[in-house]
Amino acid sequence: MTHRFSISNPVSGHYDLDDDEVTEGALQVWRALPERIRQDPSLASFRQEHERLHGYEPPDVDPLPNDDTDDHDHNNGKIVDGGGGVIFCGSGHNKNANAFSPIGINVTNEMGQVRILDGRDVENNNEDQQDETEHHGHSKLKKYLIWFKIAILLVVWGVFTAFLMSTNEHVDELKLISIPKNGTERVFRISTAELSRIGLHLTGAFRLQEADAVKDTLQRPPPRLEIFVERTYYNESGEKAFDEIVSKLWILDLVYPEFMDSTRETHKAFQFQIEPLDGDYANNTNLTELTLHFVSNIDAELPLQLSIDESPIYKKEGVIYAAVVLCGLYVMIIWEIVNRTFAAIIASTLSVGILAALNSRPSMVTIMGWIDVETLLLLFGMMILVAILSETGVFDYLAVYAYKITNGHVWPLINCLCLFTAILSSFLDNVTTVLLMTPVTIRLCEVMSLNPVPILMCMVIYSNIGGALTPVGDPPNVIIASNSFISKNGVNFAIFTLHMLPGVILVMFTSYVQLRYKFRNIADLQFKESPEVEELRHEIHVWKRAAASLSSYSKDEELVRQTLMKKVNRLKRSLKKKMSAAVEPAINYQQTLENLQAKYPIRNKPLLIKCSCALVFVISLFFLHSVPELQRLSLGWTALLGAIFLIILADIEDMEAILARVEWSTLLFFAALFILMEALSELGLIEWIGNMTESIILGVGEESRLMVAVLIILWVSAIASAFVDNIPLTTMMVKITISLAQNTALKLPLQPLVWALAFGACLGGNGTLIGASANVVCAGVAEQHGYKFTFLQFFKVGFPVMIGSIIVSTGYLLVSHVLFAWH
C-alpha cells in the first residue's frame, strides 16, 4: 500500500514533489540514513508517515517538531551531530522542541580566555528555489593534471590487465617422496637442465623454529635433513662423465622419530641459485642433468610433500618491483590522487599483475587466503555493535559528562581522553578501543567547539602506545607472545607486561610533551574559520554525503535524494549569510551544562541495557583471550557472536539500516592492503628487510653485539612498520630474533631482542596513517562523521612522535638490558 504525501518545508510551507509518493520503499531508504539526518525537520514528512504506518517512536525520543516550526526554533537546543562549533541549548524543561531559546556556550582555554559560541539560527530562508550552480574556475593546468592522472592510471590498468590476461594461474604440482633413514641418499630428478634458479617447497615433520633446541633425555644429536642440487654431465654414449654440486646446502631441523606421527606438518621454502655450466666439462659432454639430493640422519623414514618451481621469482628484481608498487601507493595516498581505498585496490592488483608477469600468478583461492578474515570479522562485528549503541544517545551523554568533569577546559579533556584510551588499549585490542572511543571523541569536540581531527590523532597515538604494554593489546604483540619458542623461554603475560611497563610509561610522558608542544597554540585545536561557518560547512558535507549514497536507480531513492539536496542548497545559502553575522553573548558555564544535560539524556534506556549486555559479553571474552584454557574463541568470532547476540536482544528487523552504518570502505581497504602486503612478501620485500637486519648484526664485534642487535631490531621494525603492514613484518622479524638468540656463536639473550621487536613494531605504527590498523579505522569512522584527515596531516603529527618514542625506547632498553642486564 502506498500513500501520496507532500514534503513540507518547515520554513516556507511545502515542497511540491508533483506525483512522488512516500512509499514503503522510500521509508526504507529514509530509515537507512544517519539518525541526525533522519530526525531533521526537512524530512519530517517521512517520519510522520513512518509513525502512522509503524507506530510512534518511544516516549524518550525527542518529539517531532510541528510542520510550521521554522529551522531557527527547531535547531535551538540541539547539539548538531557533526559540527565543530555551533551549540544550541535551551532550558530543557519544556517538552516541545520549540521552547528552546538561542543561547551560547563559553569554552575556557588554558590561558583563561573565554571563547563565545553563539546559538543563532542555522538557516532562515523563505525561498525554496534551487541554489545557483557553483562555478569552479578550473585552470587549464588543473585540467591537464586531471587528464595526466587519468592517463597514468589507464596505463597502470592496462599493464596489470595485460599481465593477468596473458598468464595462467600458477599451480604447484605436489609430489610425495620418502627419504630413507640413517644417511641413505634420495635423488629426485629435475625435468629441465638449463636453470639458473630452482624454488623448492616442502611440507613435513619439521620443527617450528629452525633453532628450536629440544632437550633430549637420550643425549641424541638433533636430526637433520640436508638438501643440495647436483649437475651430472653425460658423454656421447650416455654414460655419466662428471658430476658436481652446484648450489648451497640447505639444512632443515627435524623432529625426533618418536614425535614423527604426532607433530603437525610444517611448510618450508627455499630458492637454490644454480651455478653456471663448467666450461671444461661442457666441452667434453653433450648432455647435462640436474638432480635434487636429500640426505637425513633420522632413524626413521621421512615422508615429504614436495613441489618444485622451475621459474621462481628472482628476489633481487622482485624487491625493486615491490618498492616501486609501495612508493606508488604512498604517492596516491599522500597527494590524494585517488581515494585511499581505491589506491589500495590499484596497488594490490598491480602487485598480483607483477607476480603474473614473473610466472607466479597466485590462484584466487590463494589470494583469498591472504586476507586476514579474523581482522575483518573483528571490525565488522564491532562496527555493528557501535552502530546500534549510537542509537541510545550514550555517545552524546558521555560527551556532555566529559564536558562537565573538565569544566570546559581543553587540555584536561585531552589528557583524560588519551589516558583512558591508552589504558583500555592495553587490555583490549586497540582496533576495538578506537571503534568505541572515536564517536565519543567526535561528539566531545563538537560540544567544546574543537576540531576533532587533531584530538583524534592524539587519541589514536596513545592507543598504539597503550597497545604495546601487554601481549593482547596489539597484533604484533599477539604474534610475538604466542610464538611457542618465545613462550617456552619465560616470556609469559606477566613478564611481558613487567618489562614493557617502564618503557611505555616513559613513552607516554614524552609523547605528551611532544603533542603539548605541537598544539601549544590553542587555536591549532580549533577551526580556522568561525565556529558557525565551520559548522555549516560540515553540515553541507554530511548532507551531501548522505545524498551521494543514494542513486537515481529507483523512484523511492530519488524522492529522498531530492529532499536531501534541497536541504544542501538551503544550507549553502545560509553559509553565505553567516560570513558577516555578529556574535551574541554567552551565558555562564553552569547554566550551559544544565541545558546540555537536560537536552541530552540517554534516549533509549532499554536499548542501552541490551547493548551493555552485549558489550560485557564481548569485552569479557576479549580479556579472557590471554588465557587460552578459558577462552578458545578468536577476537573475530567474539565480535561476530556479540553482534548477533545484540541484534537478537534488540529485535532489529531493518538490517539494511544497520548494515548501512558499517564502514565498508575501511573493510575493503584492509582486504586490499592484506593482499598487497602478501604479494610484496612473495616478491621478497619482507625477506630482504630481514636478511639486511641479520647481516648487519652478524657483522659487528662480540662486545657490542647486544647493543647493535637491540638498536637494529628496534629501529628497523619501527621504520618498516610505519610504511608496511606490521603483521607480516613481525612474523618475519620473530624468526630472525629467534635465530639470532639461538646462534651459539653470537651468545645473544632472547628477551632484550623480544622487547626491542615489540616496541618497534607497535610504536612504529604511529609513523603514518596506514602504519597501524587503529589509524585506518579511526580515519574511516571520522570520515563517516564528516571529518577527514589526510595522510600528510597525520604524518606531521605522528612521525615526530614515533621518532621520539623510539629514541626513548632505545635509551630504556640500552640502560636496562645492556648496562644493567635486567634480563
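Residues numbered from 1 in each chain as written. Predicted model: local features only at pLDDT ≥ 70, side-chain atom pairs only at ≥ 80, totals over all residues. Heavy atoms only, no water.

Under an unreviewed UniProt entry, the name given to the protein chain is Citrate transporter-like domain-containing protein, and the source organism is Stomoxys calcitrans. Here is the UniProt Subcellular location (unreviewed entry) comment for the protein chain, exactly as written: "Membrane". (UniProt positions renumbered as here; feature names shortened; annotations may be inferred.)

**Student:** Any details on the overall build of the protein chain? Residues and values, ideally.
**Tutor:** Secondary structure assignment for the protein chain yields 30 helices and 15 strands. Contacts spanning at least 24 positions in sequence make up 80% of the contacts within the protein chain whose residues lie at least 6 apart. By element, 60% of the accessible surface of the protein chain is carried by carbon and sulfur atoms, the whole surface being about 36600 Å². (Helix = DSSP H or I, 4+ residues; strand = E, 2+ residues; numbered from the N terminus. Contact = heavy atoms within 4.5 Å. Areas by Shrake-Rupley, 256 points an atom, 1.4 Å probe, with all protein chains shown as cover.)

**Student:** Hey, could you go over the side chain of Glu244 for me, with residue numbers and the actual values?
**Tutor:** Looking at the element boundaries, Glu244 is found in strand 11 (residues 240-245). With relative accessibility at 18%, the residue Glu244 sits in the buried group. At 2.7 Å, the side chain of Glu244 and the side chain of Tyr233 are in polar contact. (Buried < 20%, exposed > 50% of the residue type's maximum accessible area, 1.4 Å probe, protein only. Polar contact = N/O pair within 3.5 Å; in protein donor to acceptor, adjacent residues only side chain to side chain.)

**Student:** Run through the pattern of salt bridges, naming residues and quoting values.
**Tutor:** A complete count under the given rule lists 11 salt bridges for this structure. One salt bridge in this structure joins Arg661 and Glu391, with 2.9 Å as the shortest N-O distance. A residue pair is termed long-range when its members are at least 10 positions apart, and Arg661 in the loop between helix 23 (655-659) and helix 24 (664-682) and Glu391 in the loop between helix 10 (373-390) and helix 11 (394-405) qualify at 270 residues. The salt bridge involving Asp396 is made with Arg603; its shortest N-O contact spans 3.1 Å. A residue pair is termed long-range when its members are at least 10 positions apart, and Asp396 in helix 11 and Arg603 in the loop between helix 20 (589-599) and helix 21 (605-623) qualify at 207 residues. When sorted by exposure, Asp396 lands in the same class as Arg603, which is buried. What you see here is one network of salt bridges that share partners, running through Asp396, Arg443, Glu446 and Arg603. (Salt bridge = Lys/Arg side-chain N within 4 Å of Asp/Glu carboxyl O.)

**Student:** Talk me through a nonpolar patch on the surface; I want residue IDs and the actual numbers.
**Tutor:** Where nonpolar side chains cluster on the molecular surface, the patch consists of Phe617, Leu633, Trp637, Leu641, Ile644, Phe645, Ile648 and Leu649 and spans about 670 Å² of accessible area. At 6 residues, helix 22 (residues 635-650) tops the list of elements feeding residues into the nonpolar patch. Residue placement: Phe645 occurs in helix 22. (Patch = residues over 30% accessible without salt bridge, like charges linked within 9 Å, V, L, I, M, F, W, Y side chains within 5 Å.)

**Student:** Describe in detail the side chain of Asn477, supporting the description with residues and values.
**Tutor:** Tracing the backbone through its elements, the reader meets Asn477 in helix 15 (residues 475-481). What makes Asn477 buried here is its relative accessible area of 0%. Aside from chain neighbours lying at most four places away, what touches Asn477 is Gly467, Ala468, Leu469, Thr470, Pro471, Phe496, Ala758 and Cys762.

**Student:** Explain unusual backbone geometry to me, using residue names and the numbers behind them.
**Tutor:** Despite not being glycine, Asn182 shows a phi value in the positive range, around 60 degrees. Tracing the chain through its elements places Asn182 in the loop between strand 7 (175-179) and strand 8 (186-190). Classification of Asn182 by relative accessible area gives partly exposed; the value is 48%. The backbone phi angle of Glu336 is positive, close to 50 degrees, even though this residue is not glycine. Take Glu336: it is sitting in the loop between helix 7 (315-334) and helix 8 (340-357). With a relative accessible area of 40%, Glu336 lands in the partly exposed category.

**Student:** Break down the sheet that holds strand 13 (residues 266-273) for me, citing the residues and quoting the values.
**Tutor:** The strand order 7-15-9-13 describes an open sheet built from 4 strands, whose pairing is antiparallel. Strands with a single pairing partner mark the edges of an open sheet, and in this sheet they are strand 7 and strand 13. Mean inter-strand twist for the sheet, computed between neighbouring axes without regard to direction, equals 30 degrees. With 8 bridges connecting them, strand 9 (residues 197-204) and strand 13 associate as antiparallel partners. Of the residues in strand 13, the one forming a bridge with Leu202 is Lys268. (Pairing = 2+ DSSP bridges. Axes fitted to C-alpha atoms, helices over the stretch in contact; angles between N-to-C directions.)

**Student:** Describe the nonpolar core, with residues and values.
**Tutor:** Ranked by size, the top nonpolar core spans 173 residues in total, and within it Met382, Leu435, Met500, Leu525, Leu680, Leu753 and Phe789 carry the most contacts. Contact partners of Met500, with chain neighbours within four places excluded, come to Ala468, Leu469, Trp755, Ala758 and Phe759. Counting 28 residues, the second-largest nonpolar core is a separate cluster that includes Leu195, Ala205, Leu290 and Phe294. (Core = buried A, V, L, I, M, F, W, Y, C linked by side-chain atoms within 4.5 Å.)

**Student:** Explain the packing of aromatic side chains residue by residue, including any values.
**Tutor:** Tallied over the entire structure, the rule returns 16 aromatic pairs. Where Trp411 meets Tyr512, the ring centres are 6.2 Å apart and the plane angle is 85 degrees; that geometry is what we call edge-to-face. Linking Trp411 in helix 12 (residues 410-427) with Tyr512 in helix 17 (residues 493-518), this pair joins segments that are 101 residues apart in sequence. The ring of Phe669 carries the charged tip of Arg340 above its face, separated from the ring centre by 5.7 Å. The ring of Tyr517 has Arg520 sitting right over it, with the charged end atom 4.2 Å from the ring centre. (Phe/Tyr/Trp six-rings, centres within 6.5 Å; stacked < 30°, edge-to-face > 60°. Lys NZ or Arg CZ within 6 Å of the ring centre and 35° of its normal.)

**Student:** Explain the packing of helix 12 against helix 14 (residues 452-467) residue by residue, including any values.
**Tutor:** The geometry of helix 12 relative to helix 14 is characterised by a closest axis approach of 7 Å and an angle of 35 degrees between their N-to-C directions. You can see that helix 12 and helix 14 cross each other, and the crossing is right-handed. Here Ile414, Leu417, Cys418, Thr421, Ala422, Ser425 and Ser426 of helix 12 lie close against helix 14, whose contacting residues are Ile455, Cys458, Met459, Tyr462, Ser463, Gly466 and Gly467. Of the residues belonging to the contact of helix 12 with helix 14, the class tally is 8 nonpolar, 6 polar and no charged. (Left-handed = near helix turned anticlockwise from the far one by under 90°. Nonpolar A, V, L, I, M, F, W, Y, C, P; charged D, E, K, R; others polar.)

**Student:** If you had to explain the packing of helix 11 against helix 20 to someone new, which residues and values would you point to?
**Tutor:** Where helix 11 meets helix 20, the closest approach of the two axes is 10 Å, and the angle between their N-to-C directions is 160 degrees. As summarised for this structure, helix 11 and helix 20 are arranged roughly antiparallel, according to the angle between their axes. Classified by chirality, the crossing of helix 20 by helix 11 is left-handed. Within the contact between the two elements, helix 11 uses Val400, Tyr403 and Lys404 and helix 20 uses Tyr589, Thr592, Leu593, Leu596 and Gln597. (Parallel < 35°, antiparallel > 145°, perpendicular 65-115°, else oblique.)

**Student:** Give me the environment of Arg197: which residues, what numbers.
**Tutor:** Inspection of the secondary structure puts Arg197 in strand 9. Along the backbone, Arg197 and Ser247 are 50 residues apart, and their C-alpha atoms lie at a distance of 9.4 Å. Arg197 has contacts with Gln271, Phe272, Gln273, Ile274, Glu310, Pro312, Ile313 and Tyr314, leaving out every residue within four places of it along the chain.

**Student:** Lay out the environment of Ser773 in plain terms, naming residues and giving numbers.
**Tutor:** Structurally, the position occupied by Ser773 is in helix 29 (residues 773-784). The class for Ser773 is buried, based on a relative accessible area of 14%. Distance from Ser773 to Thr375, taken between C-alpha atoms, is 9.2 Å for residues 398 residues apart in sequence. The contacts of Ser773, once residues within four sequence positions are left out, are Val431 and Phe670.

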